[in-house]
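# A structural walkthrough
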Amino acid sequence: MVEEFTAALRSLVDEESPSADTAAVERCGDRLAAVGEAVTGAAPERLALSGGPSALVWRRGDARAPGRVLLLGHRDTVWPLGTAAERPFTVEDGRARGPGVFDMKAGLLVGLHALARLAPHVPVTLLVTGDEEVGSAASRELIEAEARACGAVLVLEGAAEGGALKRARKGWSIYTLHCRGVSAHAGLEPHKGRNALVRMAELVAESGRLGAPERGLTVTPTLARAGQTVNTVPDRAELHLDVRARTAADQRSADESIRRLAEAPTGVEVRVEGGINRPPMEESAAAALLERAARHARELGARPPESAAVGGISDANLVAALGVPVLDGLGAVGGGPHAEHEWVDVDATLHRIPLVTALVDGLAAHPLPGPEGM
Ligand SMILES: [Zn+2]
């Protein structure tokens, strides 16, 4: 099993798939389809998506079963072509390394092996997209449609530290504040200018005060541009803000506050671009599934996995916004996503397979109560 798993993982890592290179992501899709057919005995459907790479779908069981589970993953990575030549796939002391190994090619194999173990009538869909790392613009509609058709979603992204499942993810908003003043000569007639840079600096300070880090709301100025020459009052400046919020309510109120800041009459016009990008995945979305995971782990003779609330986003945020129960971090156990030291604990990751299998089986037999039952 270990050899089979690591050989398949090597083959997926070797077929590099940076999000920006659609042809490469499609080649990785071909490889994944072949690996998936070898593991599960079935070829996937290949769905073309406009504006991005295709999606792969393995679908089993009665289409309308209330206990249908969506297993969700992505095959694109943040690593450019050539990374695998610089940092080839290796396995040493039970740790697999290589670009995209943890985020999230090993997780895709967890999903495929779970499918292989499930009886053919069990209602389950495995969906693999190719644009998660760049915001899922092309796959979003499909993800949402598949999630709505299911009673629960298990996301096969890598675990949090120590194999912890992800019970909550913050929401993310991004803004660009375009400041438009009036330029003037800084020596001859500075009083005729309206300084966009000064207004931008005020906005940096004002927006920083909108955060409430004690409850997980942060407003971070991340990028700024201003000025034309060293002796001109600048008429243009641009400020980027990154907002993270634990609750939808905080995310909305930060959004309103930022728009209010921009409306202040100061002589420099401020136009706001951007807004809420990903709603938060609040703890309530994962609670029932987390309980099931703990129970199944005990039944399997394992320690129930820990759980963590994390700052980063994934497609789990999209699903949670629909009100569909979702649990994330069920894929690889390891660490270092988007980092050169990215690694996977092969043995611990193999133990995810029976856990995911049991979750799907259990949900098919005993679906979570629907919205009307809650
Ligand atoms: Zn990922």
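Rules behind the numbers
- Residues numbered from 1 in each chain as written.
- Predicted model: local features only at pLDDT ≥ 70, side-chain atom pairs only at ≥ 80, totals over all residues.
- Heavy atoms only, no water.
- Domains from an automatic or database assignment.
- Contact = heavy atoms within 4.5 Å.
- Buried area = accessible area lost by both parts, 1.4 Å probe.
- Salt bridge = Lys/Arg side-chain N within 4 Å of Asp/Glu carboxyl O.
- Polar contact = N/O pair within 3.5 Å; in protein donor to acceptor, adjacent residues only side chain to side chain.
- Nonpolar A, V, L, I, M, F, W, Y, C, P; charged D, E, K, R; others polar.
- Helix = DSSP H or I, 4+ residues; strand = E, 2+ residues; numbered from the N terminus.
- Buried < 20%, exposed > 50% of the residue type's maximum accessible area, 1.4 Å probe, protein only.
- Lys, Arg positive; Asp, Glu negative; His and termini not counted.
- UniProt positions renumbered as here; feature names shortened; annotations may be inferred.
- 1 Å grid on protein atoms, 1.4 Å probe; cavity = no way out; pocket = protein on both sides within 12 Å on 5 of 7 lines; lining within 4 Å.
- Points joined across faces, edges and corners; volume = space filled by probe spheres on them.
- Pairing = 2+ DSSP bridges.
- Axes fitted to C-alpha atoms, helices over the stretch in contact; angles between N-to-C directions.

### A closer look at the domain arrangement of the protein
Frequently, the measure chosen for interface size is the accessible area that the parts lose on association. Domains assigned within the protein are domain 1 (2–169 + 280–373) and domain 2 (171–278). With 13 residues of domain 1 at the contact, the number on the domain 2 side is 10 residues. Counting the surface lost from both domain 1 and domain 2, the interface buries some 770 Å², and carbon and sulfur atoms represent 53% of this. Where domain 1 meets domain 2, there are zero salt bridges. Across the contact surface, domain 1 and domain 2 share two residue pairs in polar contact (both at pLDDT 80 or more). Along the lines of polarity and charge, the residues of the side of domain 1 that touches domain 2 split into three nonpolar, six polar and four charged.

### Section: the pattern of salt bridges
Between side chains of opposite charge, pairing is possible as soon as their charged atoms come close. Considering all chains together, one arrives at 17 salt bridges under this definition. Across the salt bridge formed by R59 and E45, the nearest N and O atoms sit 3.3 Å from each other. Remark: E45 occurs in strand β1 (residues 45–49) and R59 occurs in strand β2 (residues 52–60); sequence separation between them is 14 residues. D250 is the salt-bridge partner of R215, the closest N and O atoms lying 2.9 Å from each other. Taken as a pair, R215 in the loop between α6 (196–208) and β11 (218–226) and D250 in helix α7 (residues 248–263) lie far apart in primary sequence, 35 residues in all. Looking at R215, the relative accessible area reads 42%, which means it is partly exposed. Note on D250: relative accessible area 9%, which makes it buried.

### Quick look at the side chain of K166
As for its position among the elements, K166 is in strand β8 (residues 165–169). One buried charged residue, K166, remains without a salt bridge, the closest side chain of opposite sign being D328 at 5.7 Å. A distance of 2.9 Å separates the side chain of K166 from the backbone oxygen of G158, its partner in a polar contact. If we skip the residues at most four places from it in the chain, K166 touches G158, A159, A160, M281, A308, V310, L327, D328 and G329.

### Thoughts on the UniProt feature "domain: Peptidase M20 dimerisation" (unreviewed entry) in the protein
UniProt feature "domain: Peptidase M20 dimerisation" (unreviewed entry): in the numbering of this structure it lies at residues 168–264. Helix makes up 30% of residues 168–264 and strand makes up 36%, while its end C-alpha atoms are separated by 35 Å.

### Considering the layout of surface pockets
Looking at the largest pocket, its volume works out to about 520 Å³. Lining the largest pocket are 26 residues; nearest its centre among them are D103, R169, G312, I313 and H338. Residue classes in the lining of the largest pocket are distributed as eight nonpolar, nine polar and nine charged.

### Here we look at the sheet that holds strand β4 (residues 90–92)
Spatially, four strands are ordered β4-β5-β18-β17 in an open sheet, and the strand pairing comes out antiparallel. The open sheet has two edge strands, β4 and β17 (334–335), and neither has a second partner. Here β4 runs beside strand β5 (residues 95–97); their pairing, made up of three bridges, is antiparallel. Directly across from V91, in β5, lies its bridge partner A96. Across the sheet, helix α4 (residues 101–117) is in contact with β5, β17 and β18 (343–345); its angle to β18 comes to roughly 40 degrees.

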